[in-house]
Amino acid sequence: MKDLYTFDLTTSAAIETYREVSAAYRSFFSELKLPFIVAEASSGDMGGDLSHEYHLPSAVGEDTVVTCGSCEYAANDEVATARSPPPSNAVAPTSQIRVWRGISQDRNVLINAWYPQADNGQSDLAPNLHAVKSAVPELDTSIDNTVAFWEDALSRGKAKVINVIDTRLASSFDSLREKLPLLPDNLKSHNAEHSFLGDAETNESLNLVRLADGDGCPKCEEGTLKIHRALEVGHTFHLGTRYSASLDACVMLPQTELPGAAGEGLVPGTRHPVQMGCHGVGVSRIFGAVAEVLADKRGLNWPRSIAPFEVALIPTSGVIEQSLDLYDTLVGRNDFGPGFDIVLDDRKLSFGWKMKDADMIGYPVVVIMGKLWKEGRICEVQCRRLSVDEKVSVEELPAFVSSLLEKL
(Lines give C-alpha, C1' and ligand atoms only; values in the text may rest on other atoms or scores of the structure.)
Protein backbone atom coordinates (compact mmCIF):
# COMPACT_ATOMS: atom_id res chain seq x y z
CA MET A 1 0.00 0.00 0.00
CA LYS A 2 0.87 3.63 -0.47
CA ASP A 3 -0.56 5.12 2.72
CA LEU A 4 -1.08 8.78 3.56
CA TYR A 5 -2.44 10.34 6.75
CA THR A 6 -3.31 14.01 6.81
CA PHE A 7 -3.88 16.41 9.72
CA ASP A 8 -5.66 19.76 9.53
CA LEU A 9 -6.92 22.28 12.05
CA THR A 10 -10.41 22.90 10.65
CA THR A 11 -13.04 20.84 8.87
CA SER A 12 -12.93 23.12 5.82
CA ALA A 13 -9.15 22.75 5.58
CA ALA A 14 -9.45 18.97 5.92
CA ILE A 15 -12.03 18.81 3.12
CA GLU A 16 -9.76 20.89 0.90
CA THR A 17 -6.86 18.50 1.65
CA TYR A 18 -9.17 15.60 0.82
CA ARG A 19 -9.98 17.17 -2.56
CA GLU A 20 -6.29 17.73 -3.31
CA VAL A 21 -5.43 14.10 -2.51
CA SER A 22 -8.37 12.91 -4.61
CA ALA A 23 -7.19 15.07 -7.51
CA ALA A 24 -3.69 13.56 -7.23
CA TYR A 25 -5.13 10.05 -7.24
CA ARG A 26 -7.29 10.84 -10.28
CA SER A 27 -4.23 12.20 -12.09
CA PHE A 28 -2.27 9.07 -11.24
CA PHE A 29 -4.98 6.71 -12.49
CA SER A 30 -5.39 8.84 -15.62
CA GLU A 31 -1.74 8.08 -16.41
CA LEU A 32 -2.69 4.43 -16.83
CA LYS A 33 -4.93 5.47 -19.76
CA LEU A 34 -7.54 2.98 -18.56
CA PRO A 35 -11.18 3.63 -17.65
CA PHE A 36 -11.51 4.17 -13.91
CA ILE A 37 -14.40 5.01 -11.60
CA VAL A 38 -14.32 7.23 -8.51
CA ALA A 39 -17.28 6.04 -6.46
CA GLU A 40 -18.96 7.26 -3.31
CA ALA A 41 -18.37 4.61 -0.67
CA SER A 42 -19.19 3.49 2.83
CA SER A 43 -16.63 4.49 5.45
CA GLY A 44 -17.27 1.18 7.20
CA ASP A 45 -15.17 0.46 10.26
CA MET A 46 -12.79 3.31 9.40
CA GLY A 47 -15.47 5.85 10.27
CA GLY A 48 -15.99 9.38 9.04
CA ASP A 49 -18.71 10.72 6.78
CA LEU A 50 -16.83 11.21 3.48
CA SER A 51 -15.30 8.35 1.54
CA HIS A 52 -14.51 7.43 -2.07
CA GLU A 53 -13.23 4.28 -3.73
CA TYR A 54 -11.14 4.16 -6.92
CA HIS A 55 -11.95 1.26 -9.23
CA LEU A 56 -10.88 -0.30 -12.51
CA PRO A 57 -13.95 -1.86 -14.19
CA SER A 58 -13.47 -5.60 -14.70
CA ALA A 59 -15.81 -8.55 -15.19
CA VAL A 60 -13.86 -10.46 -12.51
CA GLY A 61 -14.06 -7.63 -9.97
CA GLU A 62 -15.24 -8.40 -6.45
CA ASP A 63 -16.97 -5.00 -6.05
CA THR A 64 -20.18 -3.71 -7.60
CA VAL A 65 -20.23 -0.05 -8.66
CA VAL A 66 -23.16 1.95 -10.02
CA THR A 67 -22.68 4.86 -12.46
CA CYS A 68 -24.98 7.29 -14.26
CA GLY A 69 -24.74 7.69 -18.03
CA SER A 70 -25.63 11.40 -17.94
CA CYS A 71 -23.94 12.89 -14.86
CA GLU A 72 -20.94 12.14 -12.65
CA TYR A 73 -22.86 10.11 -10.09
CA ALA A 74 -20.99 6.93 -9.13
CA ALA A 75 -21.31 4.88 -5.96
CA ASN A 76 -20.44 1.53 -4.49
CA ASP A 77 -23.57 -0.61 -4.29
CA GLU A 78 -23.33 -0.47 -0.49
CA VAL A 79 -24.37 3.20 -0.62
CA ALA A 80 -25.86 3.58 -4.11
CA THR A 81 -29.46 4.66 -4.54
CA ALA A 82 -31.84 5.01 -7.47
CA ARG A 83 -34.38 7.71 -8.20
CA SER A 84 -37.45 7.16 -6.04
CA PRO A 85 -40.35 5.76 -8.06
CA PRO A 86 -43.63 7.69 -8.19
CA PRO A 87 -46.33 6.49 -5.79
CA SER A 88 -48.75 4.02 -7.29
CA ASN A 89 -52.46 3.69 -6.59
CA ALA A 90 -52.52 0.19 -8.04
CA VAL A 91 -53.02 -2.60 -5.54
CA ALA A 92 -50.23 -5.15 -5.90
CA PRO A 93 -51.16 -8.83 -5.52
CA THR A 94 -49.82 -10.20 -2.25
CA SER A 95 -48.00 -12.89 -4.26
CA GLN A 96 -45.80 -10.14 -5.72
CA ILE A 97 -44.96 -8.49 -2.40
CA ARG A 98 -41.70 -9.57 -0.79
CA VAL A 99 -40.57 -9.17 2.80
CA TRP A 100 -37.03 -9.19 4.15
CA ARG A 101 -36.48 -9.33 7.89
CA GLY A 102 -33.61 -7.69 9.72
CA ILE A 103 -32.88 -6.76 13.31
CA SER A 104 -31.65 -3.72 15.20
CA GLN A 105 -28.25 -3.50 16.80
CA ASP A 106 -29.76 -3.89 20.28
CA ARG A 107 -31.62 -7.03 19.05
CA ASN A 108 -34.98 -5.67 20.28
CA VAL A 109 -36.52 -4.48 17.01
CA LEU A 110 -37.55 -6.71 14.12
CA ILE A 111 -37.34 -4.75 10.86
CA ASN A 112 -39.63 -5.83 8.01
CA ALA A 113 -38.76 -4.41 4.59
CA TRP A 114 -41.75 -4.65 2.22
CA TYR A 115 -41.04 -4.25 -1.51
CA PRO A 116 -42.49 -5.36 -4.87
CA GLN A 117 -41.01 -8.29 -6.70
CA ALA A 118 -38.37 -7.17 -9.21
CA ASP A 119 -39.44 -6.88 -12.85
CA ASN A 120 -37.00 -9.65 -13.79
CA GLY A 121 -39.04 -12.03 -11.64
CA GLN A 122 -36.22 -12.91 -9.27
CA SER A 123 -38.10 -13.31 -6.01
CA ASP A 124 -35.09 -14.46 -3.98
CA LEU A 125 -33.20 -11.17 -4.14
CA ALA A 126 -32.85 -9.20 -0.92
CA PRO A 127 -33.86 -5.54 -1.00
CA ASN A 128 -31.48 -2.61 -1.30
CA LEU A 129 -30.15 -2.77 2.26
CA HIS A 130 -28.66 0.72 2.02
CA ALA A 131 -32.14 2.09 1.37
CA VAL A 132 -33.53 0.11 4.30
CA LYS A 133 -30.74 1.35 6.55
CA SER A 134 -31.35 4.95 5.47
CA ALA A 135 -34.85 4.57 6.90
CA VAL A 136 -33.76 2.58 9.98
CA PRO A 137 -30.14 3.55 10.83
CA GLU A 138 -29.99 1.08 13.72
CA LEU A 139 -30.37 -1.89 11.34
CA ASP A 140 -27.60 -4.49 11.82
CA THR A 141 -26.94 -6.04 8.39
CA SER A 142 -24.37 -8.51 9.74
CA ILE A 143 -26.98 -10.80 11.36
CA ASP A 144 -28.49 -13.62 9.32
CA ASN A 145 -30.74 -15.53 11.76
CA THR A 146 -32.65 -12.44 12.83
CA VAL A 147 -35.82 -14.13 14.04
CA ALA A 148 -33.97 -16.28 16.57
CA PHE A 149 -32.41 -13.18 18.12
CA TRP A 150 -35.75 -11.35 18.16
CA GLU A 151 -37.51 -14.26 19.87
CA ASP A 152 -35.29 -13.61 22.84
CA ALA A 153 -36.54 -9.99 22.93
CA LEU A 154 -40.11 -11.32 22.83
CA SER A 155 -39.44 -13.44 25.86
CA ARG A 156 -38.15 -10.38 27.72
CA GLY A 157 -41.13 -8.25 26.72
CA LYS A 158 -38.98 -5.69 24.84
CA ALA A 159 -39.82 -6.66 21.28
CA LYS A 160 -40.91 -4.09 18.69
CA VAL A 161 -41.49 -4.21 14.92
CA ILE A 162 -40.71 -1.54 12.33
CA ASN A 163 -42.26 -2.02 8.87
CA VAL A 164 -40.40 -0.19 6.10
CA ILE A 165 -42.58 0.14 3.00
CA ASP A 166 -41.54 0.74 -0.60
CA THR A 167 -43.19 3.80 -2.17
CA ARG A 168 -44.95 1.65 -4.79
CA LEU A 169 -46.80 -0.21 -2.02
CA ALA A 170 -47.50 2.74 0.26
CA SER A 171 -51.02 3.66 -0.84
CA SER A 172 -52.36 0.10 -0.73
CA PHE A 173 -50.41 -1.24 2.24
CA ASP A 174 -53.15 -0.53 4.79
CA SER A 175 -55.70 -2.52 2.79
CA LEU A 176 -53.28 -5.44 2.45
CA ARG A 177 -51.94 -5.42 5.98
CA GLU A 178 -54.22 -8.20 7.24
CA LYS A 179 -53.12 -10.49 4.41
CA LEU A 180 -49.37 -10.00 4.93
CA PRO A 181 -47.15 -11.91 7.37
CA LEU A 182 -46.21 -9.01 9.64
CA LEU A 183 -44.74 -11.63 11.98
CA PRO A 184 -43.06 -14.92 11.01
CA ASP A 185 -45.50 -17.85 10.89
CA ASN A 186 -44.22 -19.41 14.11
CA LEU A 187 -44.68 -16.13 15.99
CA LYS A 188 -48.14 -15.02 14.81
CA SER A 189 -49.65 -15.68 18.20
CA HIS A 190 -47.43 -13.04 19.84
CA ASN A 191 -48.23 -9.36 20.22
CA ALA A 192 -45.65 -6.69 19.48
CA GLU A 193 -45.73 -2.95 19.00
CA HIS A 194 -45.73 -2.11 15.26
CA SER A 195 -44.69 1.10 13.53
CA PHE A 196 -44.74 1.89 9.81
CA LEU A 197 -42.27 3.93 7.70
CA GLY A 198 -43.01 4.97 4.14
CA ASP A 199 -46.73 4.24 4.22
CA ALA A 200 -49.45 6.67 3.16
CA GLU A 201 -49.42 8.40 6.55
CA THR A 202 -45.67 9.05 6.83
CA ASN A 203 -45.44 9.96 3.11
CA GLU A 204 -41.74 9.01 2.93
CA SER A 205 -40.34 8.17 -0.50
CA LEU A 206 -38.48 4.84 -0.36
CA ASN A 207 -37.15 2.66 -3.18
CA LEU A 208 -36.29 -0.67 -1.57
CA VAL A 209 -35.88 -2.74 -4.73
CA ARG A 210 -32.29 -3.77 -5.41
CA LEU A 211 -30.63 -1.61 -8.06
CA ALA A 212 -30.64 -2.78 -11.68
CA ASP A 213 -29.40 -1.49 -15.04
CA GLY A 214 -31.73 1.21 -16.33
CA ASP A 215 -32.92 2.53 -12.96
CA GLY A 216 -33.28 6.30 -12.75
CA CYS A 217 -30.33 8.32 -11.45
CA PRO A 218 -30.93 9.95 -8.03
CA LYS A 219 -28.86 13.02 -8.96
CA CYS A 220 -30.26 14.01 -12.37
CA GLU A 221 -33.61 13.80 -14.12
CA GLU A 222 -32.58 12.23 -17.42
CA GLY A 223 -29.84 9.81 -16.36
CA THR A 224 -30.12 6.04 -16.01
CA LEU A 225 -27.87 3.78 -13.96
CA LYS A 226 -25.48 1.08 -15.11
CA ILE A 227 -24.04 -1.59 -12.83
CA HIS A 228 -20.38 -2.59 -13.19
CA ARG A 229 -18.16 -5.21 -11.66
CA ALA A 230 -14.92 -3.56 -10.60
CA LEU A 231 -11.58 -3.98 -8.83
CA GLU A 232 -10.86 -1.53 -6.03
CA VAL A 233 -7.35 -0.04 -6.24
CA GLY A 234 -7.58 2.98 -3.92
CA HIS A 235 -9.62 4.57 -1.12
CA THR A 236 -9.80 8.00 0.52
CA PHE A 237 -11.43 8.81 3.88
CA HIS A 238 -12.15 12.00 5.77
CA LEU A 239 -12.06 10.79 9.38
CA GLY A 240 -12.79 14.05 11.17
CA THR A 241 -11.96 13.79 14.89
CA ARG A 242 -13.01 10.16 15.40
CA TYR A 243 -9.48 9.07 16.32
CA SER A 244 -7.85 12.33 17.33
CA ALA A 245 -10.48 13.04 20.00
CA SER A 246 -10.15 9.52 21.44
CA LEU A 247 -6.35 9.67 21.46
CA ASP A 248 -6.22 13.27 22.67
CA ALA A 249 -4.30 14.27 19.53
CA CYS A 250 -4.81 18.02 19.96
CA VAL A 251 -3.13 21.28 19.11
CA MET A 252 -3.08 24.43 21.22
CA LEU A 253 -4.75 27.27 19.38
CA PRO A 254 -3.07 30.70 19.43
CA GLN A 255 -4.45 33.43 21.67
CA THR A 256 -5.52 35.46 18.66
CA GLU A 257 -8.56 34.39 16.70
CA LEU A 258 -7.86 32.57 13.44
CA PRO A 259 -9.70 33.52 10.21
CA GLY A 260 -12.93 31.55 10.01
CA ALA A 261 -12.28 29.87 13.37
CA ALA A 262 -15.45 31.13 15.05
CA GLY A 263 -17.63 29.42 12.46
CA GLU A 264 -16.01 26.07 13.29
CA GLY A 265 -16.17 26.43 17.07
CA LEU A 266 -12.44 27.09 17.58
CA VAL A 267 -11.84 29.11 20.73
CA PRO A 268 -8.52 31.02 20.94
CA GLY A 269 -6.13 29.66 23.57
CA THR A 270 -7.81 26.24 23.88
CA ARG A 271 -6.78 22.73 22.87
CA HIS A 272 -8.52 21.38 19.81
CA PRO A 273 -8.45 17.86 18.27
CA VAL A 274 -7.02 17.77 14.75
CA GLN A 275 -9.05 16.82 11.70
CA MET A 276 -7.69 13.61 10.16
CA GLY A 277 -7.74 12.03 6.73
CA CYS A 278 -6.63 8.56 5.63
CA HIS A 279 -5.80 7.77 2.02
CA GLY A 280 -4.31 4.74 0.29
CA VAL A 281 -3.49 3.25 -3.09
CA GLY A 282 -3.01 -0.50 -3.42
CA VAL A 283 0.24 -0.63 -5.37
CA SER A 284 0.33 -4.41 -5.67
CA ARG A 285 -3.44 -4.48 -6.35
CA ILE A 286 -2.92 -2.12 -9.30
CA PHE A 287 -0.58 -4.60 -10.98
CA GLY A 288 -3.01 -7.45 -10.40
CA ALA A 289 -5.99 -5.37 -11.57
CA VAL A 290 -4.23 -4.16 -14.74
CA ALA A 291 -3.20 -7.72 -15.54
CA GLU A 292 -6.83 -8.83 -15.22
CA VAL A 293 -8.12 -5.96 -17.36
CA LEU A 294 -5.55 -5.98 -20.19
CA ALA A 295 -4.06 -9.48 -20.41
CA ASP A 296 -5.04 -11.59 -23.40
CA LYS A 297 -4.36 -15.16 -24.51
CA ARG A 298 -0.82 -14.20 -25.58
CA GLY A 299 0.21 -12.74 -22.23
CA LEU A 300 0.32 -9.58 -20.15
CA ASN A 301 -0.17 -6.14 -21.65
CA TRP A 302 1.16 -3.24 -19.59
CA PRO A 303 0.28 0.46 -19.83
CA ARG A 304 3.30 2.58 -20.61
CA SER A 305 3.40 4.19 -17.15
CA ILE A 306 3.97 0.93 -15.25
CA ALA A 307 5.56 -1.30 -17.91
CA PRO A 308 8.99 -2.78 -17.09
CA PHE A 309 10.19 -1.16 -20.33
CA GLU A 310 8.35 0.94 -22.91
CA VAL A 311 9.93 -0.82 -25.89
CA ALA A 312 11.50 -4.22 -26.49
CA LEU A 313 14.00 -4.45 -29.36
CA ILE A 314 14.26 -8.02 -30.69
CA PRO A 315 16.90 -8.76 -33.35
CA THR A 316 17.07 -11.97 -35.36
CA SER A 317 20.34 -13.85 -35.66
CA GLY A 318 23.05 -12.14 -37.67
CA VAL A 319 22.13 -8.54 -36.82
CA ILE A 320 23.21 -8.33 -33.17
CA GLU A 321 25.95 -5.79 -33.89
CA GLN A 322 23.56 -3.58 -35.86
CA SER A 323 20.96 -3.87 -33.09
CA LEU A 324 23.38 -2.21 -30.67
CA ASP A 325 23.56 0.87 -32.93
CA LEU A 326 19.76 1.02 -33.23
CA TYR A 327 19.41 0.56 -29.46
CA ASP A 328 21.79 3.50 -28.83
CA THR A 329 19.76 5.63 -31.24
CA LEU A 330 16.44 4.86 -29.58
CA VAL A 331 17.61 5.09 -25.98
CA GLY A 332 19.51 8.36 -26.42
CA ARG A 333 18.09 11.84 -26.63
CA ASN A 334 16.59 12.70 -30.01
CA ASP A 335 14.29 15.18 -31.71
CA PHE A 336 11.25 13.36 -30.34
CA GLY A 337 12.14 13.61 -26.66
CA PRO A 338 14.62 12.23 -24.14
CA GLY A 339 14.63 8.82 -25.76
CA PHE A 340 12.79 5.62 -24.94
CA ASP A 341 12.97 3.24 -21.98
CA ILE A 342 14.03 0.26 -24.04
CA VAL A 343 15.38 -3.25 -23.49
CA LEU A 344 17.48 -5.10 -26.06
CA ASP A 345 16.87 -8.85 -26.08
CA ASP A 346 20.30 -10.09 -27.14
CA ARG A 347 20.01 -13.41 -25.34
CA LYS A 348 21.36 -16.45 -27.16
CA LEU A 349 17.92 -17.93 -27.66
CA SER A 350 15.82 -18.60 -30.74
CA PHE A 351 14.04 -15.66 -32.35
CA GLY A 352 10.63 -17.34 -31.95
CA TRP A 353 11.21 -17.96 -28.25
CA LYS A 354 12.13 -14.31 -27.67
CA MET A 355 9.01 -13.15 -29.52
CA LYS A 356 6.74 -15.32 -27.35
CA ASP A 357 8.56 -14.18 -24.23
CA ALA A 358 8.01 -10.51 -25.18
CA ASP A 359 4.29 -11.21 -25.63
CA MET A 360 4.07 -12.94 -22.26
CA ILE A 361 5.90 -10.12 -20.45
CA GLY A 362 3.63 -7.56 -22.13
CA TYR A 363 5.91 -4.75 -23.38
CA PRO A 364 3.79 -1.90 -24.80
CA VAL A 365 5.74 -1.77 -28.08
CA VAL A 366 7.94 -4.40 -29.71
CA VAL A 367 10.43 -3.46 -32.46
CA ILE A 368 11.61 -6.42 -34.55
CA MET A 369 14.79 -6.51 -36.62
CA GLY A 370 14.06 -9.46 -38.89
CA LYS A 371 14.23 -10.34 -42.57
CA LEU A 372 13.10 -6.88 -43.70
CA TRP A 373 15.92 -5.28 -41.72
CA LYS A 374 18.47 -7.38 -43.54
CA GLU A 375 16.94 -6.49 -46.90
CA GLY A 376 16.38 -2.76 -46.47
CA ARG A 377 16.75 -1.54 -42.85
CA ILE A 378 13.00 -1.86 -42.25
CA CYS A 379 11.69 -2.72 -38.78
CA GLU A 380 8.44 -4.41 -37.87
CA VAL A 381 6.69 -2.54 -35.06
CA GLN A 382 4.02 -4.35 -33.07
CA CYS A 383 1.60 -3.08 -30.42
CA ARG A 384 -1.00 -5.64 -29.36
CA ARG A 385 -3.07 -3.22 -27.33
CA LEU A 386 -3.57 -0.90 -30.33
CA SER A 387 -3.70 -3.80 -32.85
CA VAL A 388 -0.72 -2.31 -34.72
CA ASP A 389 1.68 -4.33 -36.89
CA GLU A 390 3.51 -1.95 -39.25
CA LYS A 391 6.65 -1.94 -41.39
CA VAL A 392 8.62 1.20 -40.54
CA SER A 393 11.91 2.54 -41.93
CA VAL A 394 14.71 3.24 -39.47
CA GLU A 395 14.45 6.97 -40.23
CA GLU A 396 10.74 7.06 -39.30
CA LEU A 397 11.06 4.68 -36.36
CA PRO A 398 11.52 7.17 -33.45
CA ALA A 399 8.53 9.29 -34.48
CA PHE A 400 6.33 6.24 -35.08
CA VAL A 401 7.17 4.61 -31.75
CA SER A 402 6.67 7.92 -29.95
CA SER A 403 3.18 8.29 -31.49
CA LEU A 404 2.22 4.84 -30.26
CA LEU A 405 3.49 5.42 -26.73
CA GLU A 406 1.48 8.63 -26.43
CA LYS A 407 -1.68 6.51 -26.72
CA LEU A 408 -0.55 3.99 -24.11
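Quick caveat, the model's predicted, so the values are computed rather than measured. Each residue is numbered by its place in its chain's sequence as written, counting from 1. Note on the predicted model: pLDDT of at least 70 is required for a residue's local features to be given, and 80 or more for side-chain atom pairs to be given and counted; whole-chain, interface and lining totals, by contrast, use all residues. Note that the side-chain values use all heavy atoms of the structure and ignore hydrogens as well as water.

> I'm lost on the nonpolar core in this one. Help?
Nonpolar side chains in soluble globular proteins generally cluster together in the buried interior. With 23 residues, the main nonpolar core has V311, L326, V365, V367, L397 and V401 as its most contacted residues. A total of 4 residues in this core trace back to one element, the largest contributor, which is helix α10 (residues 397-405). Aside from chain neighbours lying at most four places away, what touches V367 is V311, A312, L313, I314, C379, E380, V381, L397 and V401. Only buried residues count toward a nonpolar core, which is a set of Ala, Val, Leu, Ile, Met, Phe, Trp, Tyr and Cys residues joined through side-chain atoms within 4.5 Å. Partly exposed residues are those whose accessible area sits between 20% and 50% of the maximum for their type, while under 20% is buried and over 50% is exposed, using a 1.4 Å probe and protein chains only. Membership of the second largest hydrophobic core comes to 18 residues, among which are L32, Y54, V233 and V281. The numbering of helices and of strands both runs from the N terminus, where a helix is a DSSP run of H or I of at least 4 residues and a strand a run of E of at least 2. The criterion used for residue contact is that any of the two residues' heavy atoms lie within 4.5 Å.

> Just checking my understanding: could you explain the pattern of salt bridges for this structure?
Here, a salt bridge means any side-chain nitrogen of Lys or Arg that lies within 4 Å of a carboxyl oxygen of Asp or Glu. For the structure on display, the rule yields 13 salt bridges. Its salt-bridge partner being E62, residue R285 comes within 2.7 Å of it at the nearest N-O pair. Of this pair, R285 sits in helix α6 (residues 283-294) while E62 sits in the loop between β3 (50-57) and β4 (63-68), and the two are 223 residues apart along the sequence. The exposure class assigned to E62 is partly exposed, which follows from its relative accessible area of 46%. A salt bridge links R271 to D248, with the nearest nitrogen and oxygen atoms 3.2 Å apart. With R271 in strand β13 (residues 271-273) and D248 in the loop between α5 (242-246) and β12 (250-252), this residue pair connects regions lying 23 residues apart in the sequence. The exposure class of D248 is partly exposed, given its relative accessible area of 46%.

> Please clarify how the environment of V136 should be interpreted in this entry.
For V136, the position within the fold is in the loop between α2 (129-135) and β8 (139-140). Sequence separation between V136 and L197 is 61 residues; the distance between their C-alpha atoms is 8.9 Å. Ignoring sequence-local partners within four residues, the contact set of V136 consists of I111, I162, V164 and L197.

> Where do I start with unusual backbone geometry in this structure?
In most cases, non-glycine residues show a negative phi, while peptide bonds are predominantly trans. Positive phi outside glycine occurs at R107, with the angle close to 65°. With a phi angle near 55°, R377 is a residue other than glycine that sits in the positive phi range. Checked against the element boundaries, R377 lands in the loop between α9 (371-376) and β18 (378-383). The class for R377 is partly exposed, based on a relative accessible area of 45%.

> How should I be thinking about α6 in this particular structure?
Helical geometry: 3.6 residues make up each α-helical turn, so side chains three or four residues apart lie on a common side. By definition here, a helix of n residues has an expected span of 1.5 Å times n minus one. Between its first and last C-alpha atoms α6 spans 17 Å; for 12 residues at 1.5 Å apiece the expected length is 16 Å, and the two agree. Buried within α6 we find I286, A289, V290 and L294. On an axial view of α6, the arc spanned by its buried residues comes to 110°, and they lie on one face. Among the structural elements, α1 (11-31), β3, β11 (225-240) and β14 (275-281) are those in contact with the buried residues of α6. Think of it as the arc spanned by the lines of direction from the helix axis to the C-beta atoms.

> What exactly am I supposed to notice about helix α8 (residues 351-361) here?
Looking only at α8, the buried set comprises K354, M355, D357, A358 and D359. Backbone geometry just downstream of α8 places G362 in the positive-phi region, at approximately 90°.

> I would appreciate a short explanation of the sheet that holds strand β15 (residues 311-315) in the present structure.
Sheet strands line up and pair through hydrogen bonds in the backbone, either parallel or antiparallel. Spatial strand order, β16-β15-β17-β18-β19: 5 strands in an open sheet with mixed pairing. Two strands close off the open sheet at either side, each with one partner strand: β16 (342-344) and β19 (388-393). Looking at each pair of strands side by side, their axes are set apart by 20° on average, direction ignored. Pairing of β15 with β16, which is carried by 3 bridges, proceeds in the parallel orientation. Pairing between two strands requires that DSSP report at least two bridges joining them. Inter-axis angles, ranging from 0 to 180 degrees, are taken between N-to-C directions of lines fitted to C-alpha atoms, where helices are fitted over the stretch in contact.

> Sorry if this is basic, but what is going on with the side chain of S393 here?
As for its position among the elements, S393 is in strand β19. S393 has contacts with R377 and I378, leaving out every residue within four places of it along the chain.

> Explanation requested: the sheet that holds β8 in the structure shown.
If you trace the 5 strands from one edge of the open sheet to the other, you get β8-β6-β7-β9-β10, paired in mixed fashion. The sheet is open, and its two borders are formed by β8 and β10 (193-197), each paired with just one other strand. Where strand β9 (residues 160-165) lies against β10, 5 bridges are found, and the strand directions are parallel. Bridging from a neighbouring strand, N163 pairs with F196 of β10. Against the sheet, helix α3 (residues 146-155) makes contact with β6 (97-104), β7 (109-116) and β9, and its axis sits at roughly 55° relative to β6, the strand it touches most. Together, β6, β7, β9 and β10 form the strand contacts of helix α4 (residues 167-176), whose direction differs from that of β7 by roughly 110°.

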